[in-house]
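Notes for the structure review
Residues per chain are reported as follows:
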Amino acid sequence: MSSISKETLQRLPAYLRHLKELQKQGVENVASKAIAKVFNYTSVQVRKDFASISEEAGKPKTGFSVNRLVKDIAEFLGYNNINEAVLVGVGNLGHALLSYSGFKDYGLDIVGAFDINPNIKLVHGHKIYNLSKLESFIKRFNILIGIIAVPKDSAQDICDLMIGAGIKAIWNFSPCNLVIPENIAIINEDMASSLALLSQRLSKILKKEKNQ
Ligand code: NAD
């Protein structure tokens, strides 16, 4: 196994979803070419991705064992160890995050949700706690992941509160450039940047069509 690139890492969840579908259909082996076709990659790319997380080499005639790849990818991504997380901000986005039941499949369990609005009490079976309980909750249950879904102006305060209580990784949905110490992991989720990419690709396609 070699070291893994960010691009490979980001492709793994989609491979895993597809391989699990194949598993459900009773498929035992799959060729890299077939997987490459589904994702519009080259089979060399797929084989390289698999080689970076699995000892499973894939056989010329039968291809890769689906079960083995599912096991290796899930293990690599840490999906077998569920990480508990707290969510702060139960507005539109927070409601959507709490209503998604699939996070557990990706190794994430939102065990506590917090807001300053006392009228938000229960969302999709999750009791919503007052923000004043956040610090003691994180400490008591030794929670390591914090999800920020508050407005931009409150995000840094929430981030500081989380880190002060022991959070080590932040999934930030707010459009705030959070200042964090070096030993804290952060992923900034930004729909605006994905949309910028999409519209740039769209304009490229339109330009190409115009020139044809
Ligand atoms: P919203 O106004 O519907 O909800 C915000 C919630 O945060 C409210 O329930 C409010 O009571 C609560 N809140 C405010 N200050 C708080 C504090 N200090 N502590 C605890 N709770 C607090 O907003 P929304 O549409 O859910 O968006 C939430 C955040 O997510 C915003 O920063 C928004 O810009 C961002 N957002 C990001 C994306 C993305 O792609 N990353 C998409 C949509 C929204």
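Conventions and cut-offs
Positions within a chain are numbered from 1, following the residues in the order the chain's sequence is written. Residue-level local features of this predicted model are given only where pLDDT is at least 70; pairs of side-chain atoms are given and counted only at 80 or more, and the full residue set underlies all totals for whole chains, interfaces and linings. Hydrogen atoms and water are omitted, and side-chain values are computed over all heavy atoms in the structure. Domain segmentation is taken from an automatic or database assignment of domains. To be near a molecule or strand, a residue needs just one of its heavy atoms within 4 Å of it. Polar contact criterion, stated in full: a pair of N or O atoms within 3.5 Å, where within protein one must be able to donate a hydrogen and the other to accept it, and residues adjacent in sequence count only if both atoms are side-chain atoms. Using the Shrake-Rupley algorithm and a 1.4 Å probe, accessible areas are obtained, with residue cover drawn only from the displayed protein chains. In this text, helices come from DSSP runs of H or I with a minimum length of four residues, and strands from runs of E with a minimum of two, each type numbered from the N-terminal end. Burial classification: accessible surface area is computed with a 1.4 Å probe over protein chains only, and a residue below 20% of its type maximum counts as buried, one above 50% as exposed, and the rest as partly exposed. Two strands make a pair as long as DSSP finds a minimum of two bridges between them. Handedness rule for crossovers: strands pointing away from the viewer, path from the first strand over the helix to the second running clockwise, crossover right-handed. Here a helix's expected span is defined as the number of its residues, less one, multiplied by 1.5 Å. Here the bend at a residue is taken as the angle between two axes, fitted respectively to the seven residues that end there and the seven that start there. Salt bridge, as used here, is a side-chain nitrogen of Lys or Arg placed within 4 Å of a carboxyl oxygen of Asp or Glu. Any cysteine sulfur atom paired with another within 2.5 Å is treated as part of a disulfide.

Before going further, it helps to examine the domain arrangement of the protein. Parsing the protein into structural domains produces domain 1 (6-77) and domain 2 (83-192). Using C-alpha coordinates to define each centre, domain 1 is positioned 32 Å away from domain 2.

With that settled, consider the site of the ligand. In the region of the ligand, 23 residues are neighbours, and L93, D115, V150, E189 and M191 sit closest. Within the contact set of the ligand, an oxygen atom lies 2.6 Å away from a side-chain nitrogen or oxygen of D115. At a separation of 2.8 Å, a nitrogen atom of the ligand approaches a polar backbone atom of E189. Considered on its own, the ligand offers 850 Å² of accessible surface; in the complex 74% of this is hidden by protein.

Tracing the sequence through the fold places L93 in helix α5 (residues 92-99). Judged by its relative accessible area of 32%, L93 falls in the partly exposed class. Put simply, L93 and I148 are 55 residues apart on the chain and 10.0 Å apart in space, counted from C-alpha to C-alpha.

For the rest of this paragraph, the subject is the pairing of strand β8 (residues 169-172). Of the two faces of β8, only the one carrying I170 and N172 is buried; A169 and W171 on the other face are not. Across four bridges, the pairing between strand β7 (residues 145-148) and β8 is parallel. Note that in β8 the partner of I147 across the bridge is W171. Handedness of the crossover joining β7 and β8 through helix α7 (residues 152-165) is recorded here as right-handed. In the sheet, β8 pairs with strand β9 (residues 185-188) via four bridges, with the strands oriented parallel. Along β9, the bridge assignment pairs W171 with I187.

Below, the discussion takes up helix α1 (residues 6-24). Taking 1.5 Å of rise per residue, 19 residues should cover 27 Å, and α1 covers 28 Å from first to last C-alpha, within 8% of that figure. Of all the bends found along α1, the most pronounced is centred on L12 and spans about 30°, while P13, a proline, follows it within four residues. Among the residues of α1, those classed as buried are T8, R11, L12, Y15, L16, H18, L19 and L22. Looking one or two residues past α1, G26 carries a phi angle of roughly 85°, positive in sign.

Attention shifts here to the pattern of salt bridges. What the rule picks out here adds up to five salt bridges. For R11, the salt bridge is made with D49, and the minimal N-O distance between the two is 2.7 Å. Of this pair, R11 sits in helix α1 while D49 is found in helix α3 (residues 43-51), placing the two residues 38 residues apart along the sequence. Here the two residues R11 and D49 agree in accessibility, since each one is buried. We note a salt bridge from D109 to K104, for which the minimum N-O separation is 3.9 Å.

The subject of this paragraph is the state of the cysteines. Where two cysteines share a covalent bond between their sulfur atoms, that bond is called a disulfide. Counted by the stated rule, this structure contains zero disulfides. The closest cysteine sulfur to the non-disulfide-bonded C159 is located on C176, 8.1 Å from its own sulfur. Assessed through its relative accessible area of 0%, C159 is described here as buried.

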